[in-house]
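Fold and contact review
Residues per chain, in single letters:
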Amino acid sequence: MYSFKTIVITVMMTTILAACESGDQKKETTADKKVTKVAWGETDGKQVDLFTLTNANGVQVKITNYGGTVTSWVTPDKNGNKSSVILGFDSLSGYLAKPPYFGALIGRYGNRIGKGVFKIDTATYHLATNNGANHLHGGNKGFDKVVWDATPADNSASLTLTYLSKDGEEGYPGNLKITVVYTLTDDNELLIDYNAETDKPTVVNLTNHSYFNLTGDVSNTILNHQLQISADKYTPVDTGLIPTGELNEVKGTPFDFLQPHKIGERIASVDGGYDHNFVLSRKGTNLELVATLSDSVSGRKLEVFTTEPGLQFYSGNFLDGKFKTSDGKPINQHTALCLETQHFPDSPNKPNFPSTLLKPGEKYHTVTKYKVSLLKQ
Ligand code: BGC
């Protein structure tokens, strides 16, 4: 028989142990959180936050709801040294100074629309012209300069961003509801899932404008990176970087990246450097590997997968040292590059290009995945 005292002590011990356990569990869930948030300032009268997505390998991607911008992606190099492969700032003020779209979500239309004019049926629309005579990346205040609503996932390294672009914003017709979901997987992939719906016919072309330097340091040029793009055609451009409408073969030109080439190898024969849309030789609309970038010094590799028909390869030609990293390094020409998955520039004025028209009742949905890994030694 147990004495009354023994029973009381046993019950007390069990209660204390249970309390300790639940305390530990609480601590564990906080420490293991896959998305954390810190306040990052305010603009347009709205709160801006910085979210950190962490995967099972401890790899972290930081995203702010200002412009839906990826501010850093810290991965180890072949020696285990960690640095960000994406160009970005560690405070909101860096972005409010209007850098050229570092890491941002781009819309309503990624890249250029000639003269900022297009037609849908009989209606002509005039957009903001913010790049010489042309419209670029959504206009004066594109999706890169607005505060998105952000909802972190409970149990995964995922962040959902939503934004309502009002009818007439930057000249575009229709209220456009956009949802973009960023997910960092345990395979070190950043998945970007783009969705949109409209209440009037409009044009949509969403992308992400991350600048990569696989060395993790803008003191190093990207001209020694090797690039492979699965595209047997590209869209040549005029002097304002508007496609002429032709689809030219890459064969025998500096645009042939079907086999890997050093970016610097043939850049001197491309007027102004690479800033062209590649016509991906993909079949269908599945998520497919379309480009691979690698750097033998850091041993890092970036793979780009997309459902989109095009890829803008921009070799950072207009970077001129005006912007500096948060630790004071000038961001010079060719110290970072973009691989923007997209529909082709100026599609609304090019009937032979895949259409970017979105009508009420239709669902815009595209997916892009960037994967960072180490090259096999
Ligand atoms: C465009 C470039 C532009 C850059 C930054 C790229 O997508 O193709 O011409 O300078 O974005 O704005």
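**Description of the site of the ligand**
- If you check the shell around the ligand, you find 13 residues, and the closest are Arg112, His137, His209, Asp275 and Glu340.
- Asp275 is positioned such that a nitrogen or oxygen atom in its side chain is 2.4 Å from an oxygen atom of the ligand.
- Glu340 places a side-chain nitrogen or oxygen 2.8 Å from an oxygen atom of the ligand.
- Here the shell around the ligand is built from residues that sort into six nonpolar, four polar and three charged.

**A word on the pairing of strand 18 (residues 226-229)**
- Direction of pairing for strand 18 relative to strand 21 (residues 261-262): antiparallel, over a ladder of two bridges. Bridge pairing in strand 21 places Gln226 opposite Lys262.
- When strand 18 meets strand 23 (residues 288-295), the two strands line up antiparallel, connected through four bridges. From the neighbouring strand, Leu227 faces strand 23, where its bridge partner is Leu293.

**With respect to the packing of aromatic side chains**
- In total, this model carries 22 aromatic pairs according to the counting rule given.
- With a centroid separation of 5.4 Å and an interplanar angle of 65 degrees, the aromatic rings of Phe143 and Tyr163 are classed as edge-to-face. You can see Phe143 sitting in the loop between strand 10 (135-136) and strand 11 (149-152) and its partner Tyr163 sitting in strand 12 (residues 158-165), a full 20 residues away along the chain.
- Relative accessible area serves as the criterion here: at 14%, Tyr163 is assigned to the buried category.
- Where Phe255 meets Phe278, the ring centres are 6.2 Å apart and the plane angle is 55 degrees; that geometry is what we call tilted. Residue Phe255 is located in the loop between strand 20 (248-249) and strand 21, and its partner Phe278 is located in strand 22 (residues 275-280); the two are separated by 23 residues in the primary sequence.

**Some remarks on the nonpolar core**
- Ranked by internal contacts, the top residues of the largest apolar core, which has 58 residues, are Trp73, Ile229 and Phe313.
- It is strand 13 (residues 176-184) that contributes the most residues to this core, five residues altogether.
- Val48, Leu50, Leu87 and Phe89 belong to the second largest nonpolar core, which has 18 residues in total.

**Points about the pairing of strand 28 (residues 364-374)**
- Buried residues dominate strand 28, accounting for eight of its 11 residues.
- Here strand 14 (residues 189-198) pairs with strand 28 via eight bridges, running antiparallel. Pairing of Leu191 across the sheet is with Lys369, part of strand 28.
- Here seven bridges tie strand 24 (residues 300-306) to strand 28, and the two strands are oriented antiparallel to one another. Bridge pairing in strand 28 places Phe305 opposite Lys369.

**Section: the pattern of salt bridges**
- Summed over the entire model, instances satisfying the criterion amount to 10 salt bridges.
- Salt-bridge contacts for Asp44 lead to Lys141; the nearest nitrogen and oxygen are separated by 2.7 Å. One end of the pair, Asp44, is in the loop between strand 1 (35-43) and strand 2 (46-54); the other, Lys141, is in the loop between strand 10 and strand 11, with 97 residues separating them in the sequence.
- Classification of Asp44 by relative accessible area gives partly exposed; the value is 46%.

Conventions and cut-offs
Residues numbered from 1 in each chain as written. Predicted model: local features only at pLDDT ≥ 70, side-chain atom pairs only at ≥ 80, totals over all residues. Heavy atoms only, no water. Near = heavy atom within 4 Å. Polar contact = N/O pair within 3.5 Å; in protein donor to acceptor, adjacent residues only side chain to side chain. Nonpolar A, V, L, I, M, F, W, Y, C, P; charged D, E, K, R; others polar. Pairing = 2+ DSSP bridges. Helix = DSSP H or I, 4+ residues; strand = E, 2+ residues; numbered from the N terminus. Phe/Tyr/Trp six-rings, centres within 6.5 Å; stacked < 30°, edge-to-face > 60°. Buried < 20%, exposed > 50% of the residue type's maximum accessible area, 1.4 Å probe, protein only. Core = buried A, V, L, I, M, F, W, Y, C linked by side-chain atoms within 4.5 Å. Salt bridge = Lys/Arg side-chain N within 4 Å of Asp/Glu carboxyl O.

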